[in-house]
Every structure is written in structure tokens, then in C-alpha cells.
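Read off the chains here:
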Amino acid sequence: MSNVEAHPIEVDCGPGPDEGIEVVAPREVPLGGPRAMLVRRTLPTRDRSMVGAWCFADHYGPDDVSATGPSTPLRTSGMRVLPHPHTGLQTVSWLFEGEIEHTDSAGVHAMVRPGELNLMSAGAGISHSEVSTPQTRRLHGMQLWVALPESARHGSQGFQFHAPAPVHIAGGSVRVFIGELAGDASPVETATPLLGAELTVAPNSEVVLDVDPTFEHGLILDFEQASLDGVRLGRGDLGYAGPGRDRLTVTNPTDSEARAVLLGGEPFAEDLIMWWNFVARTHDEIVEYREQWEARSARFGTVAGWTDRDRIPAPPLPNSRLTPRRRRH
């Protein structure tokens, strides 16, 4: 998915303070024009820009796409994200409801469905589109980005798929789409140690998870309320737990089943600049990527099924030079 903000800012993807459970409230961002879907974004923010290598998190829906999204001659409603570029990252799509058609410049055409992971590696550069299918009336899910380390960010493009089965645990269940949790392991390969899992908690119950103490973790709540290690979260909030914890407790105090997505990873050791859809290391790299996208460079290729006019133009760069803020320790 694209970051379609008209005036994106550069973001230093470094961790914030690691004391206690930090609650990051989402901000609403429209994906497009006046009838666009609204997404709830918890990564990046000024105070918490990463969880491990996870550097971007949009949580959306449940959204009635029959009443939102731009109209076209072929489609009257829905998600319609035109071809757009990425560098230095992996995109992770995870749906709760609906269906999205993914097409990229590496020749991959795939359907994104609930409970099925689609991971696209941009490497040195890729472009892709995302469109909800005509039969989809409700969209509900998450779009996540993973920053690639220096050793992998200039590598090749790639695509991975995994449909994890639910693992039943005391008080609920998990679907592990990346990494290892609750005795289950995903086959999906990542450039840095990561965890990604959907978690459900039964009514008036709690789930206790044994986690890697070298990881930092973020729990994004897709429910009205729950608590992480006793700290209350509301819908769309991200609860952050720094390294050093080997156990996390998620409590559901309601009479309905609660759902959340747990992200984790070793703290990312590199300073990054993230601007629009690019992850880079320097201002000059961002300038180069933007110019190449606008010039229709072969770096980003073409997406089948779209004309040369069907693309998201890069927004203007800010007047100041982009610099990463220093990481907090």
C-alpha cells in the first residue's frame, strides 16, 4: 500500500524510551481524496517510529467500501491504489475481511485474503498496485512495512505467501505469519529477526505469551478495549514493550472475543530516513529515488494492466534537507 499523504515528512526510524508499556495512539490518514478510506496509523510517529524492523503500520476498517473510495469507469467503489514505488523495504499485507488484488513490476499477481500473508520485497526498487475485488463490500486489515538492513536493501525483488493455521493456546489462539510464537514457526524468510502474529483472546480471559527477551514488541488492538501487561489499550492503539520482557499478558475484560496483531523484532541498529514510499539512508538517495520514479526509470519497472498515466506521482520534497534524527538509547 502507498503512503499517499500530500506532504510526507522524513522520519528517523529509531526507538524511543523503553520504560514500561508505552501507548501509541493512532492518527487518521486518508488514502486518497474526499471519499477515501481512512486508516489508523501508529507507525511511524515522532515518539515511536519502529518496533524491531517494523517501520510502518496502517490499521483500517471494518470499512464499507461500497460507500468509500474513488469511482472509476470499471469500479464504483473500493480500494484503488494505483502503481507506486518502494525501495529498501518489505510490504506485509494481512486482512481480516475482504479481498485485494496485488500486481507488481516483478510480474507477481496475487490475491490478498483473510488469514493469508502476502510479503513483497522491494529490494533496490519495485512498483505495485492494490485494488479491492468487485465482490468485496467490507475491507478490514493491516498494511505493514519492514525496513531492510544495509546488507539486503540493494538486493533483488521477491514475494512470499503463507497461510498459517491457528494455534490454540490457553485463553485464545494465535496465527503466526512471521517468526516464532507459541510453539509455531512461519517459513517466511526475513532479513532481520522478526515476529508477526494475529492474536485472539476469548471473552473475559487472558493470554500469556512467552516471547524473546531480546525483542521489542508492539501490540496493535483491533477491538474496543484490552490491556497489555495491565495497561489499557483502545481500538487502534499500539502498546509498546521494550526489550527485556520474556512474557507478555493480554487481557480481554469484555464479553466478546478480542483481536490484536503482535509485532516484534530485535531493535533495528541502523539510522534510516523514510519519506513517502522510500526507505533510504541519506537525503541524496531520496532525491535520486524520487527523480527516477518521476522519470519512469527501469529501477521501478512497470505494472501489468495499467497505462503509463496510471501511477501515483511523487509529492514535492520539502525545502529543507532530509536528515535522520539521532537514535535514542
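These figures come from a predicted structure and were not determined experimentally.

Rules of the game
Residues numbered from 1 in each chain as written. Predicted model: local features only at pLDDT ≥ 70, side-chain atom pairs only at ≥ 80, totals over all residues. Heavy atoms only, no water. Helix = DSSP H or I, 4+ residues; strand = E, 2+ residues; numbered from the N terminus. Buried < 20%, exposed > 50% of the residue type's maximum accessible area, 1.4 Å probe, protein only. Contact = heavy atoms within 4.5 Å. Polar contact = N/O pair within 3.5 Å; in protein donor to acceptor, adjacent residues only side chain to side chain. Salt bridge = Lys/Arg side-chain N within 4 Å of Asp/Glu carboxyl O. Phe/Tyr/Trp six-rings, centres within 6.5 Å; stacked < 30°, edge-to-face > 60°. Lys NZ or Arg CZ within 6 Å of the ring centre and 35° of its normal. 1 Å grid on protein atoms, 1.4 Å probe; cavity = no way out; pocket = protein on both sides within 12 Å on 5 of 7 lines; lining within 4 Å. Points joined across faces, edges and corners; volume = space filled by probe spheres on them. Nonpolar A, V, L, I, M, F, W, Y, C, P; charged D, E, K, R; others polar. Core = buried A, V, L, I, M, F, W, Y, C linked by side-chain atoms within 4.5 Å. Expected span 1.5 Å × (residues − 1).

Draft legend 1. Fine view of the overall build of the chain. If you tally the helices and strands in the chain, you get one helix and 27 strands. In the chain, buried positions account for 57% of the 329 residues. Of the contacts formed within the chain by residues at least 6 apart in sequence, a portion of 72% connects residues at least 24 apart.

Draft legend 2. Region of interest: the side chain of Asn-252. Of note, Asn-252 is situated in strand β24 (residues 247-252). For Asn-252, a relative accessible area of 1% corresponds to the buried category. At a separation of 2.8 Å, a polar atom in the side chain of Asn-252 contacts the side chain of Thr-254. With residues near it in sequence (within four places) discarded, Asn-252 still touches Val-201, Ala-202, Pro-203, Asn-204, Ser-205, Phe-223, Gln-225, Glu-257 and Ala-258.

Draft legend 3. Unusual backbone geometry, seen in detail. Residues Leu-43 and Pro-44 are joined by a peptide bond in cis, for which omega reads 0 degrees. Cis geometry marks the peptide bond from Gly-61 to Pro-62; its omega dihedral reads 0 degrees. With a phi angle near 55 degrees, Ala-182 is a residue other than glycine that sits in the positive phi range. When its relative accessible area of 36% is taken as the criterion, Ala-182 is described as partly exposed. Here Asn-204, not a glycine, exhibits a phi torsion of approximately 50 degrees, which is positive. As for its placement among the helices and strands, Asn-204 is situated in the loop between β18 (194-201) and β19 (205-210).

Draft legend 4. Structural context of the pattern of salt bridges. Throughout the structure, instances matching the rule amount to 14 salt bridges. With its nearest N and O atoms 3.7 Å apart, the salt bridge here joins Arg-281 to Glu-150. Here Arg-281 is found in the loop between β27 (278-280) and α1 (283-294), whereas its partner Glu-150 is found in the loop between β12 (138-147) and β13 (158-162), with 131 residues between them in sequence. With a closest N to O distance of 3.4 Å, Arg-296 and Asp-308 form a salt bridge. Taken together, the residues span a long stretch of sequence, with Arg-296 in the segment after α1 and Asp-308 in the segment after α1 at a distance of 12 residues. Taken together, the shared-partner salt bridges connect Glu-150, Arg-153, Glu-270, Arg-281 and Glu-285 into one network.

Draft legend 5. Seen up close, the packing of aromatic side chains. Going through the model one piece at a time under the given rule, you end up with seven aromatic pairs. Chaining the aromatic ring pairs together yields one cluster made of Trp-275, Trp-276, Phe-278, Tyr-289, Trp-293 and Phe-300. Its end group placed over the ring of Phe-96, Arg-259 keeps NZ or CZ at 4.0 Å from the ring centre. The ring of Trp-293 has Arg-311 lying over it, and the distance from NZ or CZ to the ring centre is 3.8 Å.

Draft legend 6. Summary view of the side chain of His-162. By the secondary structure assignment, His-162 is in strand β13. Among all residues touching His-162, those that are not within four sequence positions of it are Gly-115, Glu-116, Leu-117, Val-176, Phe-177, Ser-186, Pro-187 and Val-188.

Draft legend 7. Here's a closer look at empty space enclosed by the protein. Going through the model one piece at a time under the given rule, you end up with three cavities of 30 Å³ or more. Taken together, Thr-91, Ser-93, His-102, Val-112, Asn-118, Met-120, His-128, Glu-130 and Phe-159 make up the full set of residues lining the largest cavity. Of all the secondary-structure elements, those providing two or more residues to the lining of the largest cavity are β7 (89-97), β10 (117-121) and β11 (126-132). Of the residues belonging to the lining of the largest cavity, the class tally is three nonpolar, five polar and one charged.

Draft legend 8. Looking closely at the nonpolar core. Formed by 33 residues in total, the largest nonpolar core has its most connected members in Trp-54, Val-92, Leu-117, Phe-177 and Ile-178. Contributions of two or more residues to this core are made by β5 (54-64), β7, β10, β12, β15 (172-178), β23 (238-241) and β25 (258-265). Setting aside residues up to four positions removed in sequence, Leu-117 forms contacts with Val-92, Ser-93, Trp-94, Gln-160, Phe-161, His-162, Phe-177, Ile-178 and Val-188.

Draft legend 9. A look at α1. Here α1 is 12 residues long and its end C-alpha atoms lie 17 Å apart, about the 16 Å a rise of 1.5 Å per residue gives. Those residues of α1 not exposed but buried are His-283, Glu-285, Ile-286, Val-287, Tyr-289, Arg-290, Gln-292 and Trp-293. Residues of α1 that are buried in the fold lie against β6 (80-86), β11, β26 (273-275) and β27. Following α1 by one or two positions, Arg-296 has its phi on the positive side, about 60 degrees.

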